[in-house]
Each structure stands twice: as structure tokens, then as C-alpha cells.
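Residue-level listing of the chains:
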Amino acid sequence: MSIDFGATAIALLTFFGISAIMALSLNLEYGVAGIPNFGKAMFVSIGAYTLGVTYTRLLLWLVTQPFIDPCDATTLPQALELRIAIIKSLPMTAFLNFGLTLLIAAGIGGVVGYLVSYSALRVKEEWYLGLVLLVGSEVVRILARGYTPLVCGVNGISGIAHPFSWIENRTVATACFAGLVVLMALGVYFYCERLVRSPYGRLLKAMRENDRVTLGLGKRVPRIRAQVMFIGSALAAIAGVLFAVNIGFVSTNDYVVGLTLDVWVMVVLGGVGNNRGVLLGALIVTVLNRITSIMSIWLNGLGSPFEFNYVRYILFALILLWGLRYRRQGLLPEHSQTTVAHDELSLRP
Amino acid sequence: MSDLLALHDVRKCFERLQAVDGVSLTVPSGKIVGLIGPNGSGKSTLFNVISGNLRADAGRIEFDGHDLTVRSPDQIFHLGLVRSYQDPSLFFRMTVLDNMLVPARSQRGENPALAPVHRTWRKQEKELAAIAGDLLDQVQLRKRYAALAADLSGGQMKLLELGRSLNGAPRLLLLDEPTAGVAPRLAHDIFHQIEGLRQTLGLTFLIIEHRLEVLFEFVDDVYVMHAGRVVAHGTAAEIAANAQVREIYFGE
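Residues numbered from 1 in each chain as written. Chains lettered and ligands numbered in written order. Predicted model: local features only at pLDDT ≥ 70, side-chain atom pairs only at ≥ 80, totals over all residues.

Caption draft 1: Geometry of the overall build of chain A. Looking only at helices and strands, chain A features 14 helices and 2 strands. Taken against the 2.2 N^0.38 rule, which gives 20 Å for 349 residues, the C-alpha radius of gyration of chain A at 21 Å falls within 12% of a compact globule. Its C-alpha atoms give chain A principal-axis dimensions of roughly 70 × 50 × 40 Å. (Helix = DSSP H or I, 4+ residues; strand = E, 2+ residues; numbered from the N terminus. Rg over C-alpha atoms; globule rule 2.2 N^0.38 Å.)

Take a look at the structure:
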């Protein structure tokens, strides 16, 4: 078996960018604000489901085509061909549809995050919220699978082409998409970094350290928690759109608890509270995922009955155990100073 | 002399324990009032009820004409009542300066929409840093502004908590054992600070304290609690001479 290194690098870069956005959003919620969001997969799936709906409805509407049922076996091939044809022939429409999808997904994700946070208002222990999200995430997935009109239930929706698909050369097209994803991840990184190094970031850390005292110092903790969940969930939904576009398929099977745990490993390994550390964590996890899946294909090709994919989980477990034992702060620890206030005092001793 | 804080027959019950059993007390404006009593007498519970962390079962709590029993802790803070806690309750994994800046009021950069655009709040942040720096001078922690709160000594933690409360622009400070775990000389320093703040800023204090020898030197008025009730009230000298107080407090 030969490996196309160029294609692998592009694929790796794309997966890294998407993972980075998920990990940065969890870092904002958990690393900075102390909200243990174990429902990351659900908020990511909101983006993917939004994409499923916009690619089968909004896209047709944009080019004034009548709606074709994307799930029914008789109309399915026609619907699939039509949406691929539109994206390959009309770049502007492809981008418009993609951009609108991102906006709608971010909006829905954000509102759901906000509401979930408020619904847990009466819950004093934030780890309870974490468990509610863990279970809720799975419930939402099963509901989404059962409600066929959303993303065609167990069948899912295939034929999701990325917005650069109109470029003839496939390598160039995927490289363009990878570039877009990485640019967006960088944008999210700088946004999160500036947010953390502001009085708002200080407020979030205070809430993480002691929410009771923060409330006593005049801050409306439940509202701030809801704001953070809005931002984090909107970012997760954006990552979900990119995730589904990248694999070209929307399926409820992709948004399981395992995805949430992958994102947690990135944050805990890289450095809780440190955005740069979290990028490093995302890179390590993405590369490990890639290596194990390539190894798995390679071993299967040799006729080995050994399923190498499971080695990944063993590896992650070992990394987490090592991290918890020897490096609680992660590879890159959190910066202690938040704002320019510190420079101000160092200048005027 | 008007009363800044007045409690009328305040009650708080946990399950079957009447932790606060009809407490009435007043804290006159510009005074330092002490609240003493053996462990478990309901002092800290009373603080939690005043600051809104716990809801009173019955009674009225008036702060400058506002009823506190219907308000949440953040609203009570904004009225000008700031409290400290018995255990050091700093933001441990944050710097001393960041600890100081959390309670500063009306921060533009605390708006999540403005926060990422640093120029919208940089000027205000520098002004707040200067104010916090002066307060750190007062509590002798200026040099340690960049240290993590977790790395301070016990006494410094107490001082930082006092400084942080001051940066919330309080009118009344509720201090829960401000000298707990502090060396005897430093305990005296802390009370000198408190006395200084009363004189320079006109602040009012209600203080829970077990170090009676230090407390009695500085307070105008003392309330003694026992089993959820106020059992004695008077000047420091009167309380020190009160036989009943000596009995419940020292078992004499």
C-alpha cells in the first residue's frame, strides 16, 4: 500500500483545524470558566444537522428549484445529484449556502447552549450540569436519528460537497478547503485569546475559582455562565458544520460520546486554560488518530485480524492517566496574568 | 447617629437546628461593631443571611433603607455591603492584582461583546490598575501583585481579601474572622488598618472575631451570640466584665 503524503497532510490539516475549534470552545467553557461541558458532541452535531437541512432545502431554494425529498429511496439519487451539481457549477451559490449555514448553525448552537445553561440554573453543582449534558447529548442523538426528516434518520445524508468543489483539480480544491478551515481555526484562536486576556476573561476565571465569592462581589454568575455557553456552543456548531462538510456526510453516528471525550483529551493534555496548549493538544490527538487509522488500514490489508483502531482508545487512556499523574496543568500551563493592568503596575513600582 | 444596618428578629433554621433564633442588632454608621460567641453560636450563619447567601426564614434586615431579605448576593454587593469569608476564599489560581480587580465596578471590559476589542477598555483598565495598586500599598502587598494568590502566606491572604473587599467600594464591611490564622503582631496590624479605614474613608464594620484581646481594643460595640441568640450587648469594657458572657465563652 502506498500513502499519498500530500493528501494525508491536507486531510490532517483540515482535521486539526476542526478539532482545534472544538477544543478551543471547550477550553473557554471548562478551562477558563470552569463549566464541565460533557455535551460537546451534541453542540457539534447541531452544526452538522443544520448543514443537513440547509444542503437539502436552503440550497435548492437559493437556485429556485423545487424541494426534492432527500430521504425517500425513489427521489434520493436525484436529490443527491442535484445538490452536487449546484455546488460544482455555481461557486457563488455554494459559498452563500455555506456561509448562511455557518451563521444559522452558530445561532442555533448558541441559543441551545444558553437555554441549557439556564435550565441548569437551579442545579448548584456544576458537575451535575456536566452529567446532564453527557446524557442529554446521547438523548438528542437518538431523537435526531428517530426523526427522519432532519437528516434522514439512520441513513444520513451523503453528497455534501465542500464549497470549493467547483475547482477542477481535486487536490487544489481540498487544499483550499483545508486553508479555509485553518484560517477559521486561527480566527477562533485569536478571538478566544483576546477574550481570555480581558476583564471578561478575569471574570470567567474568578467564576471558575469560586462562584459563590464571585456572586458576592456583584457578578451575575448564572447570566455569565449562560453567555459562555452561548459562545462555546456557537463555536462548537461551527466546528460541526466544517466536520460534516469535510467528511461529506451527515450521520447521527458521528456525534457520540467518544467525540466529546476526544475533545476533552485535547484540552486536558494540551493545557487547561491555555489556548496555545489546547492547539497543541488538538494537534497531538489529530495526528494520533490519523496514525492509528492508517495503521489499522495497513494491518487489515495484510490480512491481520487485529483491529488497530482500538489501540487508539488504550493510547488515549494511557496519555490521560500520565497527564493526571505527572502533569495536572497539561503540557503548557495557564498564563497567570490576564490584562495590561499587570504591565501598568510593573511600570509604576 | 443613624443605623446603617439594622436586623429585627432574624431567624434561620436548618432542618431542626435553629441556627439563628430571633437576632436583632444595629450597626451605626461609621462604627466598628464586634460579633463574638463560641463556635456554632450562629455568627457565620447570620453573616450568610445578611449577605444574601442564605435566605432568612423570618425577620427584617435593613441596609440604608433597603430590605436585604429579598435581594440576591450580587444585588446586596451593589448596595455597598461587601463581606469576607472565614476560610481564605481568594481566587487562588489568579494573580494578586487580578484578585483585586474582580470586584471593581462598571468595567467596560466585562461586557463579552467589547472584551475582545481591547482598545475599548484599555484606558479604564489602567485607571483601575492604579487604584488597585494604591490599595495594595495599603495592605502591604504591592510588591507581590504578580504572584498567584495561592502562593501567599496565611496573613497575606487575609490582607488580600481585605484589599479586594475595599476595591468593591463598600460602605459596610462584614468581616468573618479577619485575623484567623494570622501571627499575633500581624493581627494587630490588620485591626490598625481597619481603624484607619474607618477614619479615612468613613467605612462601617461588623466583625466576627475570636481574638477578643485585639477586638476589644478597637470596637465601639459588641454583641455576644450563644445558641443562635444575642445574649449580651454593650461596650467592650461592659462585655469583658459581664459574668454571663464569661461563663458561656470561657466556661468560667
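After presenting the structure, the write-up continues.
Caption draft 2: Summary view of the interface of chain A and chain B. Taken residue by residue, the interface counts 33 residues in chain A and 38 residues in chain B. Those elements that place two or more of their residues in the side of chain A that touches chain B are α7 (170–196), α8 (199–209), α9 (211–216), α10 (221–247) and α14 (341–347) of chain A. With 7 residues, α8(A) is the largest single contributor of residues to the side of chain A that touches chain B. In terms of residue class, the side of chain A that touches chain B is built from 13 nonpolar, 11 polar and 9 charged. (Contact = placed C-beta atoms within 7 Å. Nonpolar A, V, L, I, M, F, W, Y, C, P; charged D, E, K, R; others polar.)

Caption draft 3: Main features of the domain arrangement of chain B. Residue and element names in this part refer to chain B. Structurally, chain B comprises domain 1 (3–90 + 158–250) and domain 2 (91–151). Summarising the inter-unit geometry, the C-alpha centres of domain 1 and domain 2 are found 27 Å apart. At the junction of the two partners, domain 1 supplies 11 residues and domain 2 supplies 15 residues. When residues of the side of domain 1 that touches domain 2 are assigned to their parent elements, the largest contribution, 6 residues, is made by helix α5 (residues 154–166). Grouping the amino acids of the side of domain 1 that touches domain 2 by side-chain chemistry returns 6 nonpolar, 4 polar and 1 charged. (Domains from an automatic or database assignment.)

Caption draft 4: Region of the structure containing the sheet that holds strand β6 (residues 81–83) of chain B. Residues and elements named next belong to chain B. Taken in spatial order, the 6 strands make up an open sheet running β6-β7-β8-β3-β9-β10, and their pairing is mixed. In this open sheet, the two edge strands, each paired with only one partner strand, are β6 and β10 (229–234). Neighbour to neighbour, the strand axes of the sheet diverge by 20° on average, direction disregarded. For strand β3 (residues 32–36) and strand β8 (residues 204–208), the ladder comprises 4 bridges, and the chain directions are parallel. (Pairing = 2+ DSSP bridges. Axes fitted to C-alpha atoms, helices over the stretch in contact; angles between N-to-C directions.)

Caption draft 5: Quick peek at the sheet that holds strand β1 (residues 3–14) of chain B. Residues and elements named next belong to chain B. Across the sheet, which stays open at both edges, the 4 strands sit in the order β2-β1-β4-β5 with antiparallel pairing between neighbours. Single-partner strands in this sheet number two, and they are β2 (17–28) and β5 (66–67). With 5 bridges joining them, β1 and strand β4 (residues 58–63) adopt antiparallel strand pairing. From the neighbouring strand, L5 faces β4, where its bridge partner is F63. Here helix α1 (residues 43–50) sits on the sheet and contacts β1, β2 and β4; the angle it forms with β2, its principal contact strand, is near 65°.

Caption draft 6: Spotlight on the nonpolar core. Ranked by size, the top nonpolar core spans 172 residues in total, and within it I21(A), A23(A), V44(A), I238(A), A239(A), V241(A) and V267(A) carry the most contacts. Each of domain 1 (3–90 + 158–250) and domain 2 (91–151) of chain B accounts for three or more of the residues forming this core. Apart from residues no more than four positions distant in its own chain, V241(A) is found in contact with G47(A), A48(A), T50(A), L51(A), T101(A), L102(A) and A105(A). (Core = buried A, V, L, I, M, F, W, Y, C linked by C-beta atoms within 7 Å. Buried ≥ 20, exposed ≤ 12 C-beta atoms within 10 Å, placed from the backbone.)

Caption draft 7: Representation of the pairing of β4(B) within the structure. Residues and elements named next belong to chain B. Alignment of β4 against β5, held across 2 bridges, turns out to be antiparallel. When the sheet's bridge partners are listed, F63 is paired in β5 with H66. Taking the residues that link successive antiparallel strands as the turn, the β4-β5 hairpin has 2 residues, and the phi of D64 there is positive, at about 50°.

Caption draft 8: Focus on the environment of V70(B). Position of V70(B) relative to the elements: it lies in the loop between β5 and α2 (73–79). As for V70(B) and A56(B), which are separated by 14 residues in sequence, their C-alpha atoms are 9.2 Å apart.

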